[in-house]
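One-letter residues, chain by chain:
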Amino acid sequence: MKHAALPHPDPETLASLAEPDLACALRERVEEAYSLCREVHPELPRPRVWLDLRGRSAGQAHFSRGGLRFNPVLYAENRVEFLVEVVPHEMAHWLVHHLKDGRRARPHGREWQTVMRRLFGLEPRTTHRFDTGRASPAPHRYACACREHRFTPRRHALVRGGRVYRCRHCAQTLVYLSG
């Protein structure tokens, strides 16, 4: 495995950045990754960048919108790891999608893994290991016979509208615990 192709960000500098400058650092990292991808695929279109992703996902290559979406909460909490892992991960999706037959490629398939290893010099990991507690709060408590479950406001609203959920382990219907 070769060394990471992108320069490692300075943790102290990143830690000191306020929100607008942090967003700028993310855009600069995307631009560095884009430049590297252009060495392989000169016609690659430049992705737009949004910090509007919510929930547990750190990033998303959004082809219909024409760019990359990132989770601002997970980025703020995991600055160095985010720039080192998530930006190349999503840029690899962007590159593979725009290659000939790229639309047929599996999301984390051979082509994507090759880009991660050979272009970015990173081990291809399909998921991040960030704590998603603040990014994806699930304040509504439900229970079954074997455990407690936490629901997001969206899933809780679906239950209030009549949707029924069962535990994957004991198959019992989940019941809301008030309060």
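As a reminder, the structure under discussion sits directly above these lines.
What you are looking at is a predicted structure, and each value in this text was computed from that prediction instead of being measured.

Undergrad: Looking at this structure, I do not really get the packing of helix 2 (residues 19-40) against helix 4 (residues 79-98). What am I missing?
TA: In a pair of packed helices, the angle between the axes and the distance between the axes together describe the arrangement. The contact between helix 2 and helix 4 brings their axes to 10 Å, and the two run at 45 degrees. Classified by the angle between their axes, helix 2 and helix 4 sit oblique to one another. Seen along the crossing, helix 2 lies across helix 4 with a hand that is right-handed. Contacts from L22, A25, L26, R29, V30, A33, Y34 and C37 of helix 2 reach helix 4 at R79, F82, L83, V84, V87, M91 and L95. Its residues assigned to classes, the contact of helix 2 with helix 4 comprises 13 nonpolar, no polar and 2 charged.

Undergrad: Even after reading the chapter, I still don't get the pairing of strand 2 (residues 59-62), so can you show me in this structure?
TA: Along a regular strand, successive side chains alternate from one face of the sheet to the other. As defined by bridge partners, strand 2 adjoins strand 3 (residues 67-70) across 4 bridges and the pair is classed as antiparallel. The partner of G59 across the bridge, within strand 3, is F70. Joining the antiparallel neighbours strand 2 and strand 3 is a turn of 4 residues, in which G66 adopts a positive phi near 80 degrees.

Undergrad: Hey, could you run me through the packing of helix 4 against helix 5 (residues 110-119) in this one?
TA: Following both chains from N to C, one finds helix 4 and helix 5 inclined at 125 degrees, their axes separated by 9 Å at the closest point. Relative to helix 5, the element helix 4 is oriented oblique. Remark: the crossing between helix 4 and helix 5 carries right-handed chirality. Contacts from P88, H89, A92, H93, L95 and V96 in helix 4 reach E111, W112, V115, M116 and L119 in helix 5. Here the contact of helix 4 with helix 5 is composed, by residue class, of 8 nonpolar, 2 polar and 1 charged.

Undergrad: Explain the environment of A15 to me, please; I cannot follow it from the model alone.
TA: With respect to the helices, strands and loops of the structure, A15 is situated in helix 1 (residues 11-16). In this structure the C-alpha to C-alpha distance between A15 and A76, which are 61 residues apart in sequence, comes to 8.9 Å.

Undergrad: Please clarify how the state of the cysteines should be interpreted in this entry.
TA: Each disulfide is one covalent bond, formed between the sulfur atoms of two cysteines. Under the defined criterion, the tally for this structure stands at 0 disulfides. Looking at C24, it has no disulfide partner, and the nearest cysteine sulfur is the one in C37, 20 Å off. Left without a disulfide partner, C146 is nearest to the cysteine sulfur of C144, which lies 3.6 Å away.

Undergrad: Teacher, can you tell me more about the packing of aromatic side chains here?
TA: The geometry of an aromatic ring pair comes down to the distance between the two centres and the angle between the two planes. Following the criterion strictly, the structure yields 7 aromatic pairs and no others. With 5.8 Å between their ring centres and 65 degrees between their planes, F70 and F82 make a pair best called edge-to-face. Note that F70 is positioned in strand 3 and F82 in helix 4, a separation of 12 residues in sequence. For the pair formed by F70 and F82, the shared burial category is buried. With a centroid separation of 5.2 Å and 55 degrees between ring planes, the pair formed by Y142 and Y176 is classed as tilted. Here Y142 is found in strand 4 (residues 140-143), whereas its partner Y176 is found in strand 6 (residues 175-176), with 34 residues between them in sequence. Residue Y142 is classed as buried on the basis of its relative accessible area of 1%.

Undergrad: Where do I start with the nonpolar core in this structure?
TA: Nonpolar side chains in soluble globular proteins generally cluster together in the buried interior. L26, F70, Y75, F82, M91 and F120 are the most contacted members of the largest nonpolar core, which has 38 residues in total. Going through the elements one at a time, helix 2, strand 3, helix 3 (72-77), helix 4 and helix 5 are the ones with two or more residues in this core. For this core, the element with the most residues is helix 4, which contributes 11 residues. Excluding residues within four positions of it along the chain, F82 makes contact with L26, A58, F70, N71, L74, Y75, V87 and F130.

Undergrad: Would you take a moment to explain the sheet that holds strand 2 for this structure?
TA: Sheets are built from strands paired through backbone hydrogen bonds, the pairs being either parallel or antiparallel. The 3 strands are arranged 1-3-2 in an open sheet whose pairing can be described as mixed. Single-partner strands in this sheet number two, and they are strand 1 (48-50) and strand 2. The mean angle between the axes of side-by-side strands here comes to 20 degrees, regardless of whether they run parallel or antiparallel. Across the face of the sheet, helix 4 comes into contact with strand 2 and strand 3 while running at roughly 145 degrees to strand 3.

Cut-off values and rules
Here, residues in each chain are numbered from 1, in the same order as that chain's written sequence. Reporting in this predicted model follows two pLDDT cut-offs: at least 70 for local features of residues, and 80 or more for side-chain atom pairs to be given and counted; totals over whole chains, interfaces and linings ignore these cut-offs and use all residues. Excluded from the side-chain calculations are hydrogens and water; all other atoms, namely the structure's heavy atoms, are used. Helix axes are fitted only over the stretch in contact, all axes being lines through C-alpha atoms; the angle between N-to-C directions runs from 0 to 180 degrees. To qualify as a helix, a DSSP run of H or I must reach at least 4 residues; to qualify as a strand, a run of E must reach at least 2; elements of each kind are numbered from the N terminus. Angle categories are assigned with fixed cut-offs, so that under 35 degrees is roughly parallel, over 145 is roughly antiparallel, 65 to 115 is roughly perpendicular, and the rest are oblique. Here a crossing is called left-handed whenever its near helix is offset anticlockwise from the far helix by less than a right angle, and right-handed whenever the offset is clockwise. Whether two residues are in contact is decided by their heavy atoms, any of which lying within 4.5 Å being enough. Under the convention adopted here, Pro, Cys and the residues Ala, Val, Leu, Ile, Met, Phe, Trp and Tyr are nonpolar, Asp, Glu, Lys and Arg are charged, and Gly plus all remaining residues are polar. Any two strands with at least two DSSP-identified bridges between them are counted as paired. Here, a disulfide means two cysteine sulfur atoms that sit within 2.5 Å of each other. To pair, rings of Phe, Tyr and Trp, with the six-membered ring standing in for Trp, must have centres within 6.5 Å; the planes then decide the type, stacked if under 30 degrees apart, edge-to-face if over 60, and tilted in the middle. Burial here depends on accessible area, computed with a 1.4 Å probe over protein chains only, as a share of the maximum for the residue type. Under 20% is buried, over 50% is exposed, and the range in between is partly exposed. The definition of a nonpolar core used throughout is a set of buried Ala, Val, Leu, Ile, Met, Phe, Trp, Tyr and Cys residues joined through side-chain atoms within 4.5 Å.

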